[in-house]
Amino acid sequence: MAEMKFIRGYPEYMRELIKKVEQTRMKRKDYTHPALSKEGREEVLKLHPDFAPGGKRKISIGPNKGEIGPTEVVDLLEAYPLIEKKDIDLSRTDYSPEILIIGGGLAGTTAALWANNSGVASKDILLTNKLRHGDANSIMAEGGTQAADRSNDSLKKHYIDTMGGGHFANKPDVLRALVEDAPFIMDWLLKLGAIIDREDNGDFVEKWGGGTSVRRLHSCRDYTGLEEFRVIRDEFRSREIPCIEHYPTVELLTDGENRVTGTILWNIETGEYKIVRAKATILATGGFGRLHIRGFPTTNHYGATCDGVVLAYHAGAKLRDVDTVQYHPTGAAYPIQIVGYLLTEKLRSTGAQPVNKDGEAFVFPLEPRDIEASTFIRECYVRNKGIVTPTGLRGVWLDTPLIEIKNGEGYIEKAFPGMKRMFDRFNIDIRKDPVLVFPTLHYQNGGVETTPWGKTSLEGLWVAGEVSGGVHGKNRLMGNSTLDTMVFGRRAGISTAEYIKSGKSAGKLTLEHTKKYVNQLKEAGIKTKRRAPILLPEYRGKAALARMIDIF
Amino acid sequence: MKENKSIMDRIADAAKSVTTGVDAKDIEYWVTIYIMGREYKVPADLTILTAMEYAGYKFVRGVGCRQGFCGACTTIYRKKGDYKLQTGMACQTRVEDGMYLVQIPFVPAEKANYDIEKEKYAVSIFFKHYPEIAKCLSCNTCTKACPQDLEVMDYIQAAIKGDFEKVAEESFDCIQCGLCAIRCPSEIVQYHIAQLGRRMFGRYENPEPEHLKRRVKEIEDGKFNKEMDKIISAAKNELEKLYAERVRESD
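Residues numbered from 1 in each chain as written. Chains lettered and ligands numbered in written order. Predicted model: local features only at pLDDT ≥ 70, side-chain atom pairs only at ≥ 80, totals over all residues.

Chemist: If you had to explain the sheet that holds strand β14 (residues 273-277) of chain A to someone new, which residues and values would you point to?
Modeler: Residue and element names in this part refer to chain A. The antiparallel open sheet is built from 3 strands, whose spatial order is β12-β13-β14. At either end of the open sheet lies a strand with only one pairing partner, and these are β12 (249-254) and β14. The mean inter-strand angle of the sheet, taken between neighbouring strand axes irrespective of direction, is 20°. With 5 bridges connecting them, β12 and strand β13 (residues 260-266) associate as antiparallel partners. Within β13, the residue paired with Thr254 across the bridge is Val260. Helix α8 (residues 307-315) rests against β12 and β13 of the sheet, and its axis sits at about 25° to β12. (Pairing = 2+ DSSP bridges. Helix = DSSP H or I, 4+ residues; strand = E, 2+ residues; numbered from the N terminus. Axes fitted to C-alpha atoms, helices over the stretch in contact; angles between N-to-C directions. Contact = placed C-beta atoms within 7 Å.)

In structure tokens form, the structure reads like this:
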């Protein structure tokens with residue numbers, strides 16, 4: 001079993017290539033590659049997976065009929081409901097909360113706390129999870145959370161930065177809510193006991209994010225999402241809010257008209273279904289990274305399979321901006337075990353430079369994510385200045401040793417324990433050697449169209465977090481996603497509580513909308529065996545799968 | 001051949017083993033592992049998680065973020081000829097020849113309920129909510145079990161002494177996988193104790209930054225309302241101009 005020879009985590013030939021990075025390092029130390037002009041940006045964006053030819057098609061049914069989306073997403077919208085042809089008994093209700101929350105990441109958990117803060121008793125809330133409470137992209141957010149709370153910053157600056165990053169497609173009133181609530185969310189996190197990085201004088205440490213004009217990024221080392229989520233979940237558990245795990249939602253229920261009235265849950269281990277009747281439902285199911293759009297690896301957690309968008313679309317909700325996908329510029333490209341994993345943008349905000357095979361800096365390190373990612377693709381596949389891994393992947397170097405050259409020895413261990421640990425496990429020391437990166441599928445920019453209070457086009461249905469569409473336009477900025485989850489989780493919690501207090505009674509439970517959906521699919525001539533939501537991606541070995549049979 | 005393929009196709013081809021699973025014909029190096037006692041031959045490059053998938057397991061438990069942040073894929077294993085019981089996260093541990101492994105699907109552990117606004121910021125809080133902390137034997141088994149290499153026993157000892165800062169500092173990178181609690185002979189639930197300690201430290205140790213207080217007050221007073229009313233109705237070309245004219249704060 002003679003394997004390839006490795007020297008400090010890299011095969012010999014890559015070790016040779018690293019020498020070129022070392023040779024130019026001190027020359028690059030004080031150099032900043034100029035940012036691209038508007039024209040330069042437009043040119044390189046043609047290489048972005050969103051704009052490169054292919055990969056998209058028209059949606060042929062539903063409220064967004066005629067609009068374009070990624071093939072992998074449209075495939076799921078043009079799929080038959082999971083429970084079609086299944087005998088579902090809606091006459092017995094298993095749970096009857098006032099407020100049902102589907103999805104326990106930052107958005108859903110925050111919504112539960114604020115519904116409770118707004119007067120809805122713990123016992124009248126139900127949080128359901130496909131996997132565990134906390135199996136979410138939230139917990140993996142590394143870099144930070146934006147909030148314009150320094151004296152030289154303003155809500156307007158945060159607004160303009162986000163608008164420009166989103167290619168001016170953001171929904172103005174929703175974006176206003178995001179920037180206006182941001183400082184309040186930081187204040188709330190502190191009161192819950194979150195530990196956020198501080199300067200010696202007690203001020204927040206605030207770092208650069210790609211595409212921002214001011215340092216506005218609040219971090220908790222490089223475990224920002226983990227710290228925010230741990231604290232919020234701990235508070236949630238202390239309040240004994242009902243929570244069930246390993247129960248994915250397989251379909252929403254409606255009153256047959258325009259109102260969402262409950263859901264069908266499915267025990268992912270035993271196969272038994274449960275019926276929930278709720279006066280208000282908050283969808284906080286996250287994004288779609290595990291669809292591997294255009295064949296890209298992803299930073300997303302195992303359950304990020306676009307379920308929320310599919311469920312809401314079945315019920316008739318309108319979508320928005322689902323045509324664009326965010327690829328994070330710096331996914332790990334080596335070693336193979338961690339390909340696609342997120343290397344936080346904060347590495348670049350604190351000095352790490354993208355460098356090509358010849359040891360040259362080729363891009364301003366903090367362009368908005370779509371621009372930065374496109375330049376990496378250009379370097380690897382047009383200019384052929386990328387580095388090829390033993391398994392045939394290409395990437396560019398991210399010169400992490402510069403971080404300590406600029407910030408002093410010991411800085412990486414303190415600020416990036418997660419990153420350091422991830423590479424240490426494969427014998428790579430990011431303090432001494434660069435790491436190889438390539439864009440990775442990161443974020444669902446659009447989703448179910450939302451309002452400033454998380455309302456959708458359907459009565460009784462709210463959205464919060466990545467499943468929603470509108471706040472980020474066509475491209476999200478760093479630090480705006482954790483912020484989004486908490487701002488709109490809170491708003492959805494408050495708004496549903498108000499709705500309940502207005503004296504709404506529970507609606508009837510039907511599956512009329514899925515019948516209508518199936519009819520639309522048939523009328524559009526869609527013949528397929530595809531069913532959705534898919535709930536989990538398929539990674540089982542092909543040889544094993546080929547010989548599996550169902551007996552029980 | 002390759003030249004005819006689009007860039008997107010070439011990228012997708014290169015990433016195939018990651019997005020759709022490895023193909024046996026591309027694999028040069030193999031190892032034998034024992035999943036819950038049963039023998040499987042799997043590619044040597046895989047992690048415990050992806051090796052189990054290769055063998056045909058579809059995870060509905062014992063999996064979460066797949067990147068070492070969520071603590072769901074707690075695994076214990078022994079290596080052939082080694083008496084030591086090892087611990088790790090399945091998504092972060094490469095398979096080795098002769099590994100016997102099993103995943104822990106769930107960690108039963110009682111978490112105390114509290115309202116940190118009403119709690120006293122003092123050492124007594126740990127004994128009030130987790131009295132078993134006093135039973136710590138200082139055996140260091142928790143530390144050895146930690147897949148994040150945290151000094152678990154040290155922070156438990158710090159909690160016993162009321163050193164909240166040390167609890168917060170030493171436990172900060174905890175992913176709450178529960179391995180410490182499973183291994184502890186005194187049945188302490190270290191990771192819940194750490195959570196309580198961190199929240200108390202975060203809430204009571206550092207006063208709120210002045211600049212944040214000021215900004216929250218300004219927003220509540222409506223100081224920016226006019227400016228925001230105006231900007232949300234601005235036309236696209238106006239916004240484009242404002243975006244282009246931004247001045248970047250100096251580093």
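Here the narrative resumes, following the displayed structure.
Chemist: Describe in detail the environment of Ala497(A), supporting the description with residues and values.
Modeler: Residue and element names in this part refer to chain A. Positionally, Ala497 belongs in helix α14 (residues 480-501). Overall, Ala497 belongs to the buried group, with 23 C-beta atoms counted inside 10 Å. C-alpha separation for the pair Ala497 and Gly418, spaced 79 residues apart in sequence, amounts to 38 Å. Those residues in contact with Ala497 that lie beyond four places of it in its chain are Ala115, Ser118, Gly119 and Val120. (Buried ≥ 20, exposed ≤ 12 C-beta atoms within 10 Å, placed from the backbone.)

Chemist: Describe the sheet that holds strand β16 (residues 319-320) of chain A, with residues and values.
Modeler: All names here are of chain A. Taken in spatial order, the 3 strands of this open sheet run β16-β22-β24, and their pairing is mixed. For this open sheet the edge positions go to β16 and β24 (468-469), each flanked by a neighbour on one side alone. Along the sheet, α8 makes contact with β16 and β22 (447-449), crossing β22 at roughly 40°.

Chemist: Residue-level account of the domain arrangement of chain B, with values.
Modeler: Domain annotation for chain B reports domain 1 (2-103), domain 2 (124-204) and domain 3 (210-244). Relative to domain 3 of chain B, the C-alpha centre of domain 2 of chain B lies at a distance of 44 Å. (Domains from an automatic or database assignment.)

Chemist: Run through helix α4 (residues 106-117) of chain A, naming residues and quoting values.
Modeler: Residues and elements named next belong to chain A. A rise of 1.5 Å per residue sets the reference length of α4, with its 12 residues, at 16 Å; its end C-alpha atoms lie 16 Å apart and thus fit the reference within 8%. The buried count for α4 comes to 11 of 12 residues, which makes it a mostly enclosed element. The inward-facing, buried residues of α4 abut β6 (99-102), β7 (125-128), α7 (224-238), β15 (280-283) and α14. Positioned one or two residues after α4, Gly119 has a phi angle of 105°, which is positive. (Expected span 1.5 Å × (residues − 1).)

Chemist: I'd like a rundown of the interface of chain B and chain A, residues and numbers included.
Modeler: In this complex, chain B contributes 76 residues to the contact, which on the side of chain A involves 89 residues. For the side of chain B that touches chain A, the elements supplying multiple residues, two or more each, are α1 (7-19), α2 (48-54), α8 (190-204), α9 (210-220), α10 (225-232) and α11 (236-244) of chain B. It is α1(B) that provides the largest number of residues to the side of chain B that touches chain A, a total of 10 residues. Partitioning the side of chain B that touches chain A into residue classes produces 38 nonpolar, 17 polar and 21 charged. (Nonpolar A, V, L, I, M, F, W, Y, C, P; charged D, E, K, R; others polar.)

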